[in-house]
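Single-letter residue listing:
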Amino acid sequence: MSIEAADTSALHPETRLVHAGTLRSQFGETSEALFLTQGHVYDSAEQSEGRFLNTDPGFQYGRLSNPTVAMLEQRMAAFEGAETCRATATGMAAVTAAVMAPVRAGDHVVAARALFGSCRYVIEDHLPRYGVESTLVDGTDPSAWRAAIKPNTKLFFLESPANPTLEVIDIAAVAAIAKEAGIILVVDNVFATPLFQRPLELGADLVVYSATKHIDGQGRCLGGLILGAKALIEGDIQTYLRQTGPALSPFNAWVMLKALETLPLRIRQQAQNAAAVAKWLKSRKELPHVAFIGDPEHPQAEIIARQMSGPSTLIAFEVAGGKQGAFRFLNRLRLIRISNNLGDAKSLIVHPATTTHQRFTPEVRASMGVGDGLIRLSIGLEHADDLIADLQQALGG
């Protein structure tokens, strides 16, 4: 059993998503094998010692490593252009490990204000319990990042585009500030997808994903990924993962390996659908606000043009009437389903103020741009005309 020897680094990203990191058993299977095993046996006591000393290559225990999970990690690292990758049980496990493992009591973390609710919880509530200060800033203002730095600042964290507002941050500008001060920059790249944005090339140190979203993309499995330099990941982060145990299931890893083969096809079609739907939504005079990454009128359009090679599959828009207006609209939909997931083959829609961001006060939600009438729409693989027809009837014709 061995990893394929062919170097895929010179191949296009789409090809790497099919071939990189392939591990084949003696049976020469075409599709990657699913290794459902908790542990592994050793030829000798000396070999078992070597495995735990990392002097003998191989696998030890499912919490530490697994052949199927290793294939997913190597394939994603090749696709992202990262030195290495570690998979986790969920996207939030990846975020938590990437943020918590590098810091210690007495350190300070700066994060963008506009964040997914659970990410903001880790920064704002969880870290301080362990003696790590945190500061939230307007992520779109590079001077705010610089002003927030303290002598003990260890890490920056941001989402771009942000959930759910689609606010975009100049990653290269923030990365330059971080590098100048010796600070680790972690970027949550879920909304952009690894196809349309490359944070490591823009200067980020670590990239995290909820693989539950576009990478699985079909509503089946939970998973998370951390990608970046070996020095960062194989130090504190790997130790944190080994000792605390948020291991990805081999079955989930296998499902995601197969999903990676079709990721470019799915994402490009979803983005094309999203562009058509966003254009139609912008034509509706009763909608006071529509945000889409591919819109030339997006407030950060110039930054988007520099750092993204394509749009997101997400749209954010406001409906009149606050919560009541939003609920009335959502309950009229027939094809698009109400769900807090995203990046799925099915189009999904949610009211962030009462779901993903419900734990915040109205004042905090307002500071994040999450109003009572805000809707987040994740576009799937249905025909765009059918989606538009559903939205049209839900808006009242």
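Structural data are supplied above this passage.
All of these numbers come straight from a predicted model, not from anything done at the bench.

Enquirer: Please explain unusual backbone geometry as it appears in this structure.
Expert: Apart from glycine, the bulk of residues carry a negative phi angle, and the bulk of peptide bonds sit in the trans form. Cis geometry is found at the peptide bond from S160 to P161, where omega equals -5°. Its place among the elements puts P161 in the loop between strand 6 (153-159) and helix 7 (171-181). You will see that L166, though not glycine, has its phi angle at about 65°, which is positive. Among the secondary structure elements, L166 is positioned in the loop between strand 6 and helix 7. Non-glycine residue T193 carries a positive phi angle of around 70°. Relative to the helices and strands, T193 resides in helix 8 (residues 193-196). For T193, a relative accessible area of 1% translates into the label buried.

Enquirer: Would you explain empty space enclosed by the protein in this entry?
Expert: Where empty space is left becomes clear once a probe the size of a water molecule has been rolled over the atoms. Overall, the coordinates contain one cavity of 30 Å³ or more when judged by the stated rule. Looking at the largest cavity, its volume works out to about 30 Å³. Residue lining of the largest cavity: V190, T193, P194, Y209, S210, K213, H214 and I215, and that is the complete set. Among the elements of the structure, helix 8 and strand 8 (206-210) are those that each provide at least two residues to the lining of the largest cavity. Residues of the lining of the largest cavity, tallied by class, amount to four nonpolar, three polar and one charged.

Enquirer: Would you mind going over the packing of aromatic side chains with me for this structure?
Expert: For any pair of aromatic rings, the description rests on two quantities: the centre-to-centre distance and the angle between the ring planes. Tallying each qualifying case throughout the model produces three aromatic pairs. When the centroid spacing of 4.9 Å and the interplanar angle of 50° are considered together, the rings of W145 and F156 count as tilted. Of the two residues, W145 sits in helix 6 (residues 142-148) while F156 sits in strand 6, which places them eleven residues apart along the sequence. Residue class for F156 comes out buried when judged on its relative accessible area of 0%. The cationic tip of R198 hangs over the ring face of F79; the distance from NZ or CZ to the ring centre is 5.6 Å.

Scoring rules and cut-offs
Residues numbered from 1 in each chain as written. Predicted model: local features only at pLDDT ≥ 70, side-chain atom pairs only at ≥ 80, totals over all residues. Heavy atoms only, no water. Helix = DSSP H or I, 4+ residues; strand = E, 2+ residues; numbered from the N terminus. Buried < 20%, exposed > 50% of the residue type's maximum accessible area, 1.4 Å probe, protein only. 1 Å grid on protein atoms, 1.4 Å probe; cavity = no way out; pocket = protein on both sides within 12 Å on 5 of 7 lines; lining within 4 Å. Points joined across faces, edges and corners; volume = space filled by probe spheres on them. Nonpolar A, V, L, I, M, F, W, Y, C, P; charged D, E, K, R; others polar. Phe/Tyr/Trp six-rings, centres within 6.5 Å; stacked < 30°, edge-to-face > 60°. Lys NZ or Arg CZ within 6 Å of the ring centre and 35° of its normal.

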